[in-house]
Each structure stands twice: as C-alpha cells, then as structure tokens.
Amino acid sequence: MLPRRARALALFLLPATLPAQIEVLDAPRRLADVPTIRSVLGHEVGARIVSPEESTFYLRALAAASDRATLFRYGQSHEGRPLQYLVVGTPEHLADLEAIRAGMAKLADPRGADDAELARLCAELPATTWLANSVHGNEISCTDAALLLAWHLCSADGDELVDKILAETLVVIDPLQNPDGRARFVHHARSTRGRFTDGSPAAAERDEPWPGGRTNHALFDLNRDWFACTQPETLGRIKNFRTWWPVSFVDLHEMGSNSSYYFPPPAKPWNPALPAEWHAWQEQYGRNNAAWFDRHGFDYFTRESFDAFYPGYGDTWPGLHGAISATYEEASIRGLVVEREDDTVRTFPESVLRHFVASLATCETTAWNREAALQRFLGHRRGAIQRGLDGPTREFVLLPSPDRWRTDRLARRLAFQGLEVDRLDAAVTRAGVRDHGEDPASAAERTLPAGAYVVRTDQPAGLLATALLSRHQDMDPEFVAEQLRRHARRESPEIYDVTAWSLPLLQGVAAWETASPTDGALTRLVVDDLAPLAIDPGQHAEGPTPTVAWVVPAGSNGTAILLATLLRTKARVHCAGKAFRIGDRKFAPGSLLVKTADNGPEVHALVRALDAALGLDCLPVDSSWVDEGVHFGSNEVHYVKPPKVALAWNEPTSSYGAGAVRHVLEERFGVPVVEVRAGRLARADLTDFDVIVLPDGGDYGDEFGGRGAEALKAWIRAGGTLVTLGGGATSWLTGDGVGLLATRGEDRERAEKDKDEDKEKDKPEQKSEGDDAAETAEEPAKPAFDYDQAILPDEESPARTPGAILRVDLDPEHWLAFGLGTAIDVIGRDRAIYTPVKLDAGRNVGIYAARDALLRAGFAWEDKLDQLAKKAFLVHQPHGDGHVVAFAEDPTTRGMVEGTDLLLLNAVLLGAAF
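First, a word on scope: everything that follows refers to the structure included in this document. Everything numeric in this text was worked out from a predicted model, so none of it was measured. (Residues numbered from 1 in each chain as written. Predicted model: local features only at pLDDT ≥ 70, side-chain atom pairs only at ≥ 80, totals over all residues. Heavy atoms only, no water.)

1. Re the overall build of the chain
Across its full length, the chain carries 30 helices and 38 strands. Here the C-alpha atoms of the chain give a radius of gyration of 30 Å, agreeing with the 29 Å that 2.2 N^0.38 yields for 914 residues. Each of the three principal axes of the chain carries a C-alpha extent, and together these read 95 × 90 × 60 Å. Within the span of the chain, comprising 914 residues, buried residues form 59% of the whole. Carbon and sulfur atoms make up 49% of the accessible area of the chain, which amounts to about 36300 Å² in all. (Helix = DSSP H or I, 4+ residues; strand = E, 2+ residues; numbered from the N terminus. Rg over C-alpha atoms; globule rule 2.2 N^0.38 Å. Buried < 20%, exposed > 50% of the residue type's maximum accessible area, 1.4 Å probe, protein only. Areas by Shrake-Rupley, 256 points an atom, 1.4 Å probe, with all protein chains shown as cover.)

2. Regarding helix 23 (residues 701–717)
With 17 residues, helix 23 extends only 19 Å from end C-alpha to end C-alpha; this falls clearly short of the ideal 24 Å at 1.5 Å per step. At R707, helix 23 shows its strongest bend, of approximately 70 degrees. Every buried residue of helix 23 is listed here: F704, G708, A709, L712, K713, W715 and I716. Buried residues belonging to helix 23 abut helix 22 (678–681), strand 31 (691–694), strand 32 (721–725), helix 24 (727–733), strand 37 (872–879) and strand 38 (882–887). A positive phi of about 125 degrees marks G719, the residue just after helix 23. (Expected span 1.5 Å × (residues − 1). Bend = angle between axes of the 7 residues up to and from the residue. Contact = heavy atoms within 4.5 Å.)

3. Quick notes on the state of the cysteines
As enumerated under the stated definition, the model contains 0 disulfides in all. Between C618, a free cysteine, and C575, which holds the nearest cysteine sulfur, the sulfur-to-sulfur gap is 14 Å. On the basis of relative accessible area, C618 is assigned to the buried category, the value being 6%. (Disulfide = S-S within 2.5 Å.)

4. Re a negative patch on the surface
A cluster of like negative charges, contributed by E651, D699, D702 and E703, occupies part of the molecular surface. Locating D699 in the fold gives a position in the loop between strand 31 and helix 23. (Patch = residues over 30% accessible without salt bridge, like charges linked within 9 Å, V, L, I, M, F, W, Y side chains within 5 Å. Salt bridge = Lys/Arg side-chain N within 4 Å of Asp/Glu carboxyl O. Lys, Arg positive; Asp, Glu negative; His and termini not counted. Charge placed at Lys NZ, Arg CZ, Asp CG, Glu CD.)

5. Things to note about the pattern of salt bridges
A full pass over the atoms with the stated rule returns 63 salt bridges. Between R303 and E283 there is a salt bridge whose closest N-O contact spans 3.6 Å. Of the two residues, R303 is situated in the loop between helix 11 (276–296) and strand 10 (307–308) and E283 in helix 11; the sequence distance between them amounts to 20 residues.

6. Comments concerning the pairing of strand 32
Among the 5 residues that make up strand 32, 5 are buried, leaving the element largely enclosed by the rest of the structure. Here strand 32 shows a buried face lined by T721, V723 and L725 and a second buried face lined by L722 and T724. Strand direction decides the pairing type here: strand 31 and strand 32, joined by 4 bridges, are parallel. Each bridged residue has a counterpart across the sheet, and for L694 the counterpart in strand 32 is T724. (Pairing = 2+ DSSP bridges.)

7. Observations concerning the pairing of strand 30 (residues 673–677)
As paired elements, strand 29 (residues 645–649) and strand 30 share 5 bridges and run parallel to each other. Note that in strand 30 the partner of W649 across the bridge is R677. Crossover handedness for the path strand 29 to helix 21 (residues 655–668) to strand 30: right-handed. (Right-handed = clockwise from strand over helix to strand, strands pointing away.)

8. With respect to helix 16 (residues 462–469)
Of all the 8 residues making up helix 16, 7 are buried; the element is thus mostly covered by neighbouring parts of the structure. In this fold, the buried residues of helix 16 make contact with helix 12 (316–321), helix 14 (370–390), strand 14 (395–398), helix 15 (404–416), strand 18 (453–456) and helix 18 (503–507).

9. A look at the packing of aromatic side chains
Summed over all chains, the structure comprises 41 aromatic pairs. Measuring from centroid to centroid gives 6.3 Å for W245 and F377, while their planes differ by 45 degrees, and the two rings are tilted. You can see W245 sitting in the loop between helix 10 (232–244) and strand 7 (248–255) and its partner F377 sitting in helix 14, a full 132 residues away along the chain. A relative accessible area of 1% places F377 in the buried class. For the ring pair F263 and Y300, a centre distance of 4.9 Å and an interplane angle of 25 degrees mean the geometry is stacked. Here F263 is found in the loop between strand 8 (261–262) and strand 9 (267–270), whereas its partner Y300 is found in the loop between helix 11 and strand 10, with 37 residues between them in sequence. Taking the relative accessible area as the measure of exposure, F263 reaches 1% and is therefore buried. (Phe/Tyr/Trp six-rings, centres within 6.5 Å; stacked < 30°, edge-to-face > 60°.)

10. With respect to a nonpolar patch on the surface
Side chains of F785, Y787 and I791 sit close together on the surface and give an oily, nonpolar patch of about 390 Å² of accessible area. Secondary-structure assignment places Y787 in helix 27 (residues 787–790).

11. Digging into the nonpolar core
Proteins that are soluble and globular tend to have nonpolar side chains buried together. One finds L566 and L712 to be the most contacted residues of the largest nonpolar core, which totals 101 residues. If you tally residues by element for this core, the top one is helix 30 (residues 901–910), at 8 residues. Excluding anything up to four places from it in sequence, L712 contacts L686, I692, F704, L722, W732 and L740. Core analysis: the next-biggest nonpolar cluster, separate from the first, contains 88 residues, Y310, F377, I827 and F859 among them. (Core = buried A, V, L, I, M, F, W, Y, C linked by side-chain atoms within 4.5 Å.)

12. Some points on the sheet that holds strand 26 (residues 619–621)
The sheet built from 5 strands is open, its strands ordered 26-21-25-22-28 with antiparallel pairing. Both outer strands of the open sheet, strand 26 and strand 28 (637–640), are each paired with one neighbouring strand and no more. Averaged over all pairs of adjacent strands, the angle between strand axes in this sheet comes to 30 degrees, irrespective of strand direction. Sheet topology note: the strand 22 (residues 573–576)/strand 28 ladder contains 4 bridges and is antiparallel. (Axes fitted to C-alpha atoms, helices over the stretch in contact; angles between N-to-C directions.)

13. Things to note about the side chain of T596
Position of T596 relative to the elements: it lies in the loop between strand 25 (592–595) and helix 20 (602–614). Excluding anything up to four places from it in sequence, T596 contacts P546, T547, V548, A549 and H604.

14. Description of unusual backbone geometry
Of note, the bond from W210 into P211 is cis; its omega dihedral lies within 30 degrees of zero at 0 degrees. Mapped onto the secondary structure, P211 falls in the loop between helix 9 (179–192) and helix 10. Cis geometry is adopted by the peptide bond preceding P652, which originates at E651 and carries an omega value of 5 degrees. If you trace the backbone, P652 turns up in the loop between strand 29 and helix 21. Its identity is not glycine, yet W245 carries a phi of approximately 45 degrees, on the positive side. For W245, a relative accessible area of 8% corresponds to the buried category. Its identity is not glycine, yet N650 carries a phi of approximately 70 degrees, on the positive side. Here N650 lies in the loop between strand 29 and helix 21. In this structure N650 comes out as buried when scored by relative accessible area, which is 17%.

Structure follows, in structure tokens:
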C-alpha cells in the first residue's frame, strides 16, 4: 500500500465528478430544458450517494421535463417507499405503449398467430432493454449510474448512438429495486462520515452494523426471491416484467472492492433449461461490453464466480422466460472512495461510470440487433413449446392431497409468474403417469383426482416450468468433477448457491408426471396478484352453528393459520394429542377442537370464514361422542395457550435467518412476534414470554454468557419453550457450559481405509513362542506410505452441504410432527451433523433418512451423506415443565420451504399445551 501520508494526499485531491476523458458524455448538444442531476439534487453525479427519496425526486423532475421519458410506479416497499421505473424512448413510441405491449404479448404467446403477422411485429416493434439496479441496498453505484443514464438518454441532442437507441428500442430503467435497504445504508454512511473523506477499508462508513443494507426491510435477499415470490418488491417486478416482455434484462450489482468488473458469459454451471441460443447472445452482449471497456481502459472478467444455475436470480428467471439476461458486477466503494489491495484508489464517480458505460453498451447491442433480438425472443417462446412436445415430461400434475392449501398456494404462485396452470374439474383415469422425478419406464395407469393442477411443458413458459418443477437439475459433468477434486483437496467449492429447489418438494406437494396431455375438463387458473389471505366473518354470518364444537382436521398448513387466527382473537382452542373418529371422519393427532361452551357466539362466523378460505372441511358437531379414539374431555386433549413469542434480533443472529422466521410466523401464519436484541434477552425478564426463538447465526454464548444461560435454563424449567433454528443457535445448546441439548456436533469422519489402519495400529501386539526366531529369519514388508491419507487433518468439521434437498423421517406420534405424516423434504446447507439423543434425554422427532433414500435432489458430497444418514434433524428435549426444540438446519430458508412450516408452528404454538 501507499504510505499513509501519500494516500491521504491522494484522497484529498480526488475529483468529485466523473473523469473528463470519458467522451461518451460529450454529446454534441444537450437539451436545455432537461434538468441535470446537479440542478435538481444540488451535486454532481457521484459526489454524494443519493438516497431513495432523492432518486424519486430526480426521476419525477426528469419525466416532467422530457418528452422522451414516462415514469411508472409498480408497487411500494415494506416501508412504503415507491417502486418505480422510467421508460425512455421516442415521443412516438411513448405515445404507442399499449400497442407495443400488445405486440410483445403476441410474440410471448405466438400460438394462433400466422407467421406473417409475427414477422411484421419483429420488423416493426421496438425491442425493450430492462436495466434493474441495486437489488441489494448497499450496492450503491448502480442507482447513481441509472440516474446518469436516464439524463443522458433524455438530454443528448444530435448524438448518433442515443438517437439509434431511442429509434430502435425502449429502455426501462428501474433505478432502485430495494429502496428500504438503500435507505438503511445511506443513513449509516452519512451518519458515520466525518469532514474528510477516507478510503480505509476499516472506516466506519464501510463497516455496516447489523443487518446491513443488503436486504430489504424484511431482511430478505431479493436476488433469491424471484420464484419464491415472498416480497412485495418481487411481486411488483414480476407483474410488470410480464407486461413489457423485455428482450434484454440486466441486473446490476456490486462485489468486493478489490475486484474489477464482471459481465457475462457466466461461470458454470448453467441451468440445463436455458437454450444454447441464450448463451450465444450472452456472448454477443459481453463482447460489445468488452469493446467499450477496452476503449476506456477498464479491467473486467467473465466466466468466473457468477453462474446461471439457480432460477431465483435476477438473471436466470428472466432468461428462462426468454430475455437475454445478465448480471453485471462492479467493485464496490461502499462510500465515496476506497483504498484497494493493489495500491490503487477507486472513487465512487469511477464506480458509477463503469456501470453507466456497461448499461449504455447493453442498450447499444439491443439497438443494433433489434429485429434479430425480437426474432430470438419469439424463437425462445416457440422453442419452449416444441421442447415440451419432444421431452419425456408433457405435464406436471400437482395433487390436492396431502394438503390442498399448500397445493393451491403453489399453483397460484406458478400462475402469477406467467405459467399456464389448469385445474382438473373432474377425476380422469389415464395411462403413462409416473411419480415425480422417476424413470419414464415406471409409468402406469393412474387416476388424476379432481382439484389437481396440471402444468404442461409444451407452453411458451415451458422452460421455466421445467426448471421450477423438475425434481433434479443436472450440473455440467466437468464442473462436478472439478468440485469433487477440490473437495478431496479441502479447497472451497465453486458452487455459488443451492443445487436444488424443486418446488413440489419444497412446498410439500405430491406430484406426478405424464408423458402425454390430459384429456378432461380443465379450468385455467388466472392470478393477477398474490394478495394476502382475506378473512371476512361478516360474509359468513349464516351457516352451521354446532351445539358442542367445531372439529378442525390436522394435516394442513391452513390448520395452523386457523389456530393462529383464533388465538389472536382470544378464542379458546384445544388440540388432540391422539387420533379419533366421528362417524366416517377420521381425525389425526393435531386436530383442533373449538368448543362452543368455551367461546362467544362470534367464533362461529370466524371459523366458517376461515374454513371457506382455507378449504379445511371443518366438522360442526352437536354431540361430543366419538366412535373411536380419545374423547373431547380426555387428558390427551390439551388447551392451547396463546403464546407470547420473542425472536432474537441483531447480533449474533443471521439477518437472513431472523428475517425468514419472522416472515413465516407473522406474514404467512399471523403469529405476532416481539423482536428482542439477543444481548437484551440475556438480561430481560423472560417471564414476559412463553416462547423464545433463536435463529441461525453465530455463537450465542458471546451475548448470553454464563449468567444469561442460567437464566434461560431457569425459564425453560418453569415452562418456557426454546426453539433453535440450526447454526450457532443449536450448536450453542450442546456446549459444556450450557447443557441444554444432550447431543454433540460430530467431526468429519475419515475415509474407511484410514479408519481401518488406525484400528490395526491400536491392536495390542501378540506374540507366540518362536516369533522371535521367525522375526530374525524374515522381516515382513512394511506397507507403502499413503501420502493422501497422511495429509488429511486429524480433526475437521464436516463439509457444508451445497443446498441439496434431503429426506427427513419423522416420528408422527410426537406433537412437533403433527400434520406432517412420516417424512418431509428439507434444504441442506449447513456443516453440522448431530448425534441422535438418547431415549432417556429426549426424542429424535426428525432424523435424516437412510443413506439410499437421503438425497432427494441436487448435489451433495458422498462422504457427507454417508455420515449424515440417520443423524438428528429435529430434537425435543424436556427440561422441567418446558422444552428445548432444536433443528439441525434452518427450516425457514428464504421463506420458500413451506413443506417444513408446520414443524416450526407446532413448536411455537403447541409447546405450552404439551
């Protein structure tokens, strides 16, 4: 690094404006009535990190002054900030937007249109380039570059390139996908900055406090949410994507300060559903970006780090729909200037400029290839249809059992994303049906039940359907071989994200596949919005009013929603710990009783409304007599106390984990939580709470200490329920100074050969008479030195599971597993392997399946699977009158694993009852 004094002088002399040598900004003329950023915000581009409010202020001023721009609002963030994009084009194109969007809709679904009409549309329509900026709130240069690009396109007069872009294309500029996260970052940066700019990596402005600005208000990574559809920012973006159908979609990011600039082609692995043409066009865009960067002396790299495998990214999801999509990454400044490891200094204006140049180059590529890009988009959508016709799977069938509520939610989410989803009106028997992900040779005749959803692969969005619903996605064999080599050498894998995401598995939805289309009455599912559940008891004032009770069947996530809603309204509810039968209706353990004598008359309308919305088929009964099993007055029927839930917040929790569990409890099920800083929990009066949830994270011992741990143990013995969601939370419980979980985290097992050799070494030496003579006669040959075994660590943690889907076997008799049957699928992403608890200490409610059934989808290390099989996933350990409920892995990952939700809800809602 430069000497400190030299660095300080360099920082003092740094310009606060864009470098003057960038001639692209030197348009022949500028339209005087188009406001500059300085005239509106009072500073030059890059001299200050604009806030979300300043970004909105400038865009409104620009749209009001320019006939080349129209500002659209597509939603609002959790904190009420506007989500918006600017559409830039010629006045003629902007006046004809409805017709342009109608034309793109025809290209997006070419069925029924003649070739001449489609060719005319490709020849005449402008092509849309969509530039999506700052999905991570602390990746700051993207937004400022977006404002600069908007000004340049609206103000340049007589600039040949700008004229070409305006004539041939529409440019959609979303300057800020995550305004809440950016607001958090900007507040921190401005509040910590002193009089003088400093580029030290250790500077306070660069050291964000928990949770940082990356995530949105709900602490979700919006660049992983495209198919999960949990956040309002995602929902608004998807809905508007489907109205414009861009041919090019770029998601602009930032990466580490010591990097250069990344644009595609991407690293491997690539999602196998992406067609070859997508990769060819990515290279075409990348080559033009490279030419611009070479012209200005900017370093860049391609084909490293950032892959195109997971379909929840802001490049892969649009690409599966037909856009030439890409991720761009610029070295982040995280302030106004940063010192880098190569003894250079990078300024914020320089960072803004690189994103501006890459964005402009992208617009140019689309403009010069407008008709070909439209034809390629049409070819993608047609090719998806043909690929579905030619492939082994013609349809995915989502079955209404075991949980109609989860199936309905999955179907609606798919339809909202632009997939054609049909509901089967009546049962139909047909041949050629097989289990999800099984060999086509296993197909047989089966009856598809009424209420099942059919998703055909021979549709324009068929590639997205295949990517989201297939059980497994193969990675490139050469890439896999390289990861195995690195694994053996104890090197970090190059797997960027999870390797499995099959939505039927994650949702807990049973699915079949067919080899031919279903003949039967089908109703198309139309979903314009994923609105939250609406319950209106006023519309259900009339209806059954049982004399004795409502009986609510177990087995559905909807049952937990009903329970949480009733508890929130102070209704009294009981839960059956064992099965019973009334007439021909069988009710599994976990079924609920809402007794008329315990509640006011208003409860009936509420139960009727919930039943209608959730499809639970609640049974009103006028007699408490049961024909089999436990009676309503049995000690096996437990009162469910409304719990007050504390959620550990701030350090050491993972912000992702804290955000996901809060979303599941509050947003999906309606369970109120109180966020309490973990350090405060160690000192708080815990008697205020019935349940404490510790999300995945670091070492909780740093916050609780010995005194806090003792207070927590006393609270549990008095009746509290502690729930830990993997990571540092669960491992902390196993420590000697805590002792709340009678298991241990295992070290990584060594190879069988190595273990056998160790056993031989440990055997006592045995000699018989005459051995001494034999030894002197002939010494046995020593085994060859095994270098590979000798260099293995003596002790090491297990390898991290790279986001595979794993099977977990459940104890259906235990209250934590109520409603889930005998097995579920979970995402494996952690290192930890926990030995099952002994019978005298607790219950292993969930254990990883036997080795041959463990890996359901994705990629995982063979040695990790060998060791993980039959180990603990979910442990219940009683302490006094209370409980410890410990997960080996976070069951709420990204809020997208709805098939495991009931495990968490049972822990939170039923702990005090059992």
